[in-house]
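Observations on the three-dimensional arrangement
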Amino acid sequence: MKNIAVTILVIVIVGIGVLLAVCFQVRDTEAALVTRLGKPQRTITKAGLNVRWPAPIERVHKFDTRMRIYEAAIAETTTKGAIPIIMHTFVIWQVQEPLRFYNAVQTVDQAENKLYSLIQDTQNKVVGRHEFSEFVNSNPENIRFEQIEDEMLQELKAAASQNYGINIKAVGIKQLKVNEDTTRAVFDRMKAERNRKTEAILSEGNAMATAIKSDADTKKQKLLAAVEGRAKAIRGTGDAEAAKYYELLKEDPEFAMFLRETEAIKKALEKRATIVISADSEPFRLLKEMPELEPKK
Amino acid sequence: MTEQNENQNEQIKSQEPRPKTDQAYKFLSDALRASFTLLKIIIVVLLALFLLSGLQTVGPYEKALVLTFGKISGEGEGRVLESGLRWVWPYPIQEIVRIPVEKKINLALDSMWYYERPEDRLPQGSKDRRNFGPTLNPLIDGYCLTRGERQDTGQEQSDYNIVHTKWQLTYQITDPESFFKNAYVDFADIEAGQNYADVIEDNITSMLQAMLADAVVSTLVNYTIDDVLFQQIGSITDHVKRSLQDKLNQIQSGITVVSIQLDNQAPPRQVADAFWASVQAANIKETTIKDAQSYYDKSLNEAGGPVAEELLAATEDKNTDPKHAEQLWPQLAGQAQDVIAKAEAYRTRVVENAKANADYFRSLLPEYRKSPRLVVQKIWQDTVQQVFDEADEKIIIQPTGNKNEVRILVSRDPAIKKQEDEQPQNK
């Protein structure tokens, strides 16, 4: 009984040992290359459990297939119109074909060395095909920034895949700059432009304010003119209504006029009047002599 | 006989006590039994520990993937495990990968700001503060290019400006499977005190910073410096967010941009004065326009009140319903109201006067017709009397033809005299 247990234990231990020697896992984040006596035998890109001949007959080389970023050094290049431009480019890459990667570069460090040259070369070629005005332009419709990035991506993708078994998933420009001397000229232009803008802002403000004030004055005058017109019309209706009553005076115009004049004179001399009158005038004549009155028969 | 003897001898030998050998054998046997039992216990314990090591916790802000021999297990939604206690076969059969999905992570991007040492932020005139030069060094000073103002000259314009910006990205891992498969995270980098979330954050920071910088650079070339500094900040951050999300989706990163914030933006220090003068000018312009607007409001308000403008428009627009204008006239205020009120008063006065005159005339007319002289004289005398009663000064003079001139001063008001005497002194 004891012997059976020991035997099973030994078999289990040996079995595990054998399994470890002949089995290997490939994760979803990996790809593997199996070499037999140093010669590449097969590549495995699907995750799962795999079998191999034990070492040293077959060896497994695993590659992490997740995305890595590689930032090339900041570098100056020239556009189609020979304008210098400084770019800091990066790529996001991954191992795509383990065999080609193994044959061409083997390690991440070596891959990045190769990518450095490839990026510089591609960058120079692509940027050299485009004018500076395609990177930045007063008219946004003429900007081809994303198209330029896409051209770089396609060229890098083709070259990296073919030469190194690398898939370039994305290319980006982290920094787009001009050289130090150019910044001085840019600042001069910016200052001049800003000063012009400042003047324009002030002039525009004054012009707008003047227009608003003129508009206010014009509208005020128009309104008061309209109001005066309406007032005249109101006064006119008053005069017209009054005229109806004047018709009644036609029965004896002279008497009506006399009454009107008496009213007018009362009104005119109502306040603070100084009257200078001849002593011969009625009724002051009484002061000079007694009137001679006789009863009417 | 000899054989019989030999057998007997052997039997005798075997029946003889062998104290030392038996004891050793017994000890060995006991020891082996004990070791074996111990081994069995150890095996059972190890097996139990091995199985127990498959118990794993998925945190409240995490989701997990189970790898069976390196391959993600499960189908559909079952591929991603929610938080809780989970058991999986221990490594190397299965392993569990936890991804912090709920956590919103902030990431600052300062690479587009000019280089300055902490001392350079000291107030101007400080000993340690270093003044900036007339240029920007592309190796150490960060900035972005923005497009120039569009001018309709019909020519190609490649004018551009320089602007400094600082950004803040908030992101979240929303697709754990894509993130696990595609984003490079090296858990061997884990340091004391760090958890998996920290390692993930550290590992993808440089990639996200680069991609954000790319999104910013490619976005800002489409905007002017005024857009970045003052006018279009909301549109720009939306544009950057869209651009970054597109790029992250393109590489199947499993990351979602929660928000993008433009933390700070400034023109280059070398041209800052000109920019602030421009800002000042904009403020002056605004004040000037506001003053003009106040003048406008005040003028029209004084002229006609709140309805002035509406009334004016109604009177000028021939298509306006005249009834509407008529409704507005009574609502006029200010100067216009005064003019209208005076006109109304005039109308009333004129009509009432005319009516009163007519009534007066008609009331006197019968008497006048009967005795005209008497009536006229009566009215005339009353008039003279009233006029003389109300007059302040009455001077009666003798006609010049008469040698005996008489001047009578009647009821001279002393107050008037006094007032007249004082007036020259006041002047």
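The structure under discussion appears in the preceding block.
Residues numbered from 1 in each chain as written. Chains lettered and ligands numbered in written order. Predicted model: local features only at pLDDT ≥ 70, side-chain atom pairs only at ≥ 80, totals over all residues. Heavy atoms only, no water.

1. Here's the deal with the overall build of chain B
Put simply, the rule reads: The helix and strand labels rest on DSSP assignments: H or I over at least four residues marks a helix, E over at least two residues marks a strand, and numbering proceeds from the N terminus. For the exposure calls, accessible area comes from a 1.4 Å probe over protein chains only, and a residue counts as buried if that area is under 20% of its type's maximum, exposed if over 50%, partly exposed in between. By definition in these notes, contact holds between two residues if any of their heavy atoms fall within 4.5 Å. Exposure was quantified through the Shrake-Rupley algorithm and a 1.4 Å probe, taking into account, for residues, occlusion by the shown protein chains and nothing else.
A tally of helices and strands in chain B yields 12 helices and 12 strands. Residues classed as buried in chain B amount to 37% of the 427 residues present. Restricting the contact set of chain B to residue pairs at least 6 apart, pairs at least 24 apart contribute 66%. Of the roughly 25500 Å² of accessible surface on chain B, a fraction of 51% belongs to carbon and sulfur atoms.

2. Structural notes on the interface of chain A and chain B
How we decide: The term buried area means the drop in 1.4 Å probe accessible area that two parts suffer when joined, counted for both and summed. Here, a salt bridge means any Lys or Arg side-chain nitrogen found within 4 Å of an Asp or Glu carboxyl oxygen. We call two N or O atoms a polar contact when they sit within 3.5 Å, provided that within protein one can donate a hydrogen and the other can accept it, with sequence-adjacent residues counted only if both atoms are side-chain atoms. Under the scheme applied here, ten amino acids are nonpolar (Ala, Val, Leu, Ile, Met, Phe, Trp, Tyr, Cys and Pro), four are charged (Asp, Glu, Lys and Arg), and all others, including Gly, are polar. Pairing between strands is defined by DSSP: at least two bridges between the two strands are required.
With 123 residues of chain A at the interface, the matching set in chain B holds 132 residues. Across the chain A/chain B interface, buried area totals approximately 11700 Å², and carbon plus sulfur atoms make up 65% of it. Contact with chain B buries area across many residues of chain A, yet A:Met67, A:Ser138 and A:Arg194 alone supply 6% of it, more than any other trio. The interface formed by chain A and chain B holds 10 salt bridges in total. B:Lys247 serves as the salt-bridge partner of A:Glu149, at 3.4 Å between the closest nitrogen and oxygen. Viewed at the interface, chain B and chain A are joined by 33 residue pairs in polar contact (both at pLDDT 80 or more). With 47 residues, the single largest contributor to the side of chain A that touches chain B is helix H5 (residues 180-248) of chain A. For the side of chain A that touches chain B, the residue count by class is 58 nonpolar, 22 polar and 43 charged. By the bridge criterion, 5 bridges tie strand E10 (residues 274-278) of chain A to strand E11 (residues 393-397) of chain B in an arrangement that is parallel. For A:Thr274, the partnering residue across the bridge sits in E11(B) and is B:Glu393.

3. Here's the deal with empty space enclosed by the protein
Here is the rule: Cavity means a closed set of points on a 1 Å grid over the protein atoms alone, one where a 1.4 Å probe fits but cannot get out, pocket means an open set with protein on both sides within 12 Å along at least 5 of 7 lines, and lining means a residue has an atom within 4 Å of a point. Grid points are joined across faces, edges and corners, and a volume is the space filled by probe spheres set on the points.
Applying the stated criterion across every chain, the model contains 2 cavities of 30 Å³ or more. The calculated volume of the largest cavity comes to roughly 60 Å³. Lining the largest cavity are A:Leu249, A:Ala256, A:Leu259, A:Arg260, B:Asn357, B:Tyr360 and B:Phe361. Elements with a contribution of two residues or more to the lining of the largest cavity: helix H6 (253-268) of chain A together with helix H10 (334-370) of chain B. Looking at side-chain class alone, the lining of the largest cavity contains 5 nonpolar, 1 polar and 1 charged residues. The calculated volume of the second largest cavity comes to roughly 40 Å³. Lining the second largest cavity are A:Arg66, B:Val97, B:Ile99, B:Phe179, B:Phe180, B:Ala183, B:Val185, B:Phe187 and B:Ile200. Of all the secondary-structure elements, those providing two or more residues to the lining of the second largest cavity are strand E6 (94-100) and helix H3 (176-182) of chain B. Tallied by class, the residues present in the lining of the second largest cavity amount to 8 nonpolar, no polar and 1 charged.

4. Some remarks on the environment of B:Thr237
All names here are of chain B. Mapped onto the elements of the fold, Thr-237 is located in helix H6 (residues 233-250). Residues Thr-237 and Ile-260, 23 residues apart in the sequence, show an inter-C-alpha distance of 5.9 Å. With residues up to four places along the chain from it excluded, the contact list for Thr-237 reads Trp-167, Ile-260, Gln-261 and Leu-262.

5. Some remarks on the packing of H5(A) against helix H7 (residues 272-304) of chain B
If you want to describe how two helices pack, look at the angle between their axes and the distance between the axes. Rule in force here: Note on geometry: axes are lines fitted to C-alpha atoms, helical ones only across the stretch in contact, with angles between N-to-C directions running from 0 to 180 degrees. An angle below 35 degrees is read as roughly parallel, one above 145 as roughly antiparallel, one from 65 to 115 as roughly perpendicular, and any other as oblique.
Where H5(A) contacts H7(B), the axes come no closer than 9 Å and their chain directions differ by 0°. It follows from the interaxial angle that H5(A) and H7(B) lie roughly parallel. Taken together, the residues of the contact of H5(A) with H7(B) break down into 21 nonpolar, 9 polar and 9 charged.

6. Things to note about the packing of H6(A) against H10(B)
This is how the line gets drawn: It is the rotation of the near helix from the far one that decides the hand of a crossing: anticlockwise by less than a right angle makes it left-handed, clockwise makes it right-handed.
Viewed as axis vectors pointing N to C, H6(A) and H10(B) meet at an angle of 125°, and their least axial separation amounts to 10 Å. The angle between the axes of H6(A) and H10(B) places the two elements in the oblique class. For the element pair H6(A) and H10(B), the recorded crossing hand is right-handed. Between H6(A) and H10(B), the contacting residues are A:Phe255, A:Ala256, A:Leu259, A:Arg260 and A:Glu263 on the first element and B:Asn357, B:Tyr360, B:Phe361, B:Leu364, B:Leu365 and B:Tyr368 on the second.

7. Here we look at the sheet that holds strand E5 (residues 58-64) of chain A
All names here are of chain A. Taken in spatial order, the 3 strands make up an open sheet running E3-E2-E5, and their pairing is antiparallel. Edge strands, defined here as strands with exactly one partner in the open sheet, are strand E3 (39-44) and E5. On average, each strand axis in the sheet is inclined to that of its neighbour by 25°, with strand direction left out of account. Sheet topology note: the strand E2 (residues 30-36)/E3 ladder contains 5 bridges and is antiparallel. Each residue of the ladder has a partner; that of Arg-36, found in E3, is Lys-39.

8. Considering the pattern of salt bridges
As enumerated under the stated definition, the model contains 35 salt bridges over all chains in all. As a salt-bridge pair, B:Glu286 and B:Lys290 come within 3.8 Å of each other at their nearest N and O atoms. Within this pair, B:Glu286 and its partner B:Lys290 are both found in helix H7, separated by 4 residues, close to a single helical turn. B:Lys290 gets classed as exposed once you look at its relative accessible area, which sits at 52%. One salt-bridge network, held together by shared partners, links A:Arg194, A:Lys197, B:Glu149 and B:Asp226.

So far we have only geometry, and geometry alone does not tell us how the molecule works.
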